[in-house]
Amino acid sequence: MQSKIKIIVLGPTGVGKTVISNLISDHSDTPPSVYHPTVGVRILELQKEPPRSNRRAGASSVEIEIWDCSGDLRYESCWHSFRKDVNGIIFVYDGEDPNPDMQPWVRNFPH
């Protein structure tokens, strides 16, 4: 039996959502030193085997989708479709920004 998990990565433009998504998925299509803003959403897929200590009878693997969402607010009208069937949210922000404005994401993606 295969399980599926959908995780979305959200936050303002330029805070490192793609770098974190690449790290989680072991994907590296763009070097971290080169900045290319995500257009809309970028979906990364991976499969993981459960650890032997956690394997249940019949459990084979987990399919994971990482949705690396653009921080550009012009895509806000698409966010309702991003929320469908989501299992987890990673909010990313610039820790050096004394007043990060996370309200658009927190308001549209309740935890």
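Check the entry above for the structure.
A few points on the structure. The residue numbering used here restarts from 1 in each chain and proceeds along that chain's sequence as written. Totals for whole chains, interfaces and linings use all residues, but because this is a predicted model, local features are given only for residues with pLDDT of at least 70 and pairs of side-chain atoms are given and counted only at 80 or more. The side-chain numbers reported here are obtained from all heavy atoms of the structure, hydrogens and water having been left aside.

A count of helical and extended segments in the chain gives 3 helices and 4 strands. Put simply, DSSP H or I for four residues or longer makes a helix, DSSP E for two residues or longer makes a strand, and each gets a number counted from the N terminus. Moving toward the C terminus, one meets the helices and strands of the chain in the order β-α-β-β-α-β-α. Type-normalised accessible area, obtained with a 1.4 Å probe on protein chains alone, sets the label of each residue: buried when under 20%, exposed when over 50%, and partly exposed for intermediate values. Taken over 111 residues, the chain has a buried fraction of 32%. A contact between two residues is defined here by any heavy atoms of the two lying within 4.5 Å. Restricting the contact set of the chain to residue pairs at least 6 apart, pairs at least 24 apart contribute 67%. When the accessible area of the chain is evaluated, it comes to approximately 7300 Å², of which 53% is carbon and sulfur surface. Using the Shrake-Rupley algorithm and a 1.4 Å probe, accessible areas are obtained, with residue cover drawn only from the displayed protein chains.

In this model, Asp85 sits at a positive phi of 60 degrees, which is unusual for a non-glycine residue. On the accessibility criterion, Asp85 (56% relative accessible area) is exposed.

Our next topic: the pairing of strand E3 (residues 61-69). The side chains of a regular strand alternate, residue by residue, between the two faces of the sheet. Most of E3 is tucked away, with 8 of its 9 residues classed as buried. Alignment of strand E2 (residues 41-48) against E3, held across 8 bridges, turns out to be antiparallel. When the bridges of E3 are listed, Val41 appears paired with Cys69. A pair of strands is treated as paired once DSSP finds two or more bridges between them.

Moving on, we get to the pattern of salt bridges. Salt bridge, as used here, is a side-chain nitrogen of Lys or Arg placed within 4 Å of a carboxyl oxygen of Asp or Glu. For the structure on display, the rule yields 5 salt bridges. Between Lys84 and Asp85 there is a salt bridge, and its shortest N-O distance comes to 3.4 Å.

This part takes up the nonpolar core. Joining through side-chain atoms within 4.5 Å is the link that ties buried Ala, Val, Leu, Ile, Met, Phe, Trp, Tyr and Cys residues into a set, and such a set is a nonpolar core. Core analysis: the largest hydrophobic core is formed by 10 residues, namely Ile8, Leu10, Trp67, Cys69, Tyr75, Trp79, Phe82, Met102, Trp105 and Phe109. Secondary structure elements with two or more residues in this core: strand E1 (2-10), E3 and helix H2 (79-82). With near-sequence residues (within four places) excluded, Phe82 lies in contact with Lys6, Ile8, Gly40, Val41, Trp67, Cys69 and Phe109. Ranked by size, the runner-up nonpolar core spans 7 residues in total, among them Leu44, Leu46, Ile64 and Val92.

In this section: the side chain of Lys17. Its location among the elements puts Lys17 in helix H1 (residues 17-25). Asp and Glu are treated as the negative residues and Lys and Arg as the positive ones, with His and the ends of the chain left uncounted. With no salt bridge to any partner, buried Lys17 finds its closest opposite charge in Asp68, at an N-O distance of 5.8 Å. In this structure the side chain of Lys17 is engaged in a polar contact, spanning 2.6 Å, whose partner is the backbone oxygen of Pro12. Setting aside anything within four residues of it in sequence, one finds Lys17 in contact with Val9, Leu10, Gly11, Pro12, Asp68, Cys69, Ser70, Gly71 and Val92. Polar contact criterion, stated in full: a pair of N or O atoms within 3.5 Å, where within protein one must be able to donate a hydrogen and the other to accept it, and residues adjacent in sequence count only if both atoms are side-chain atoms.

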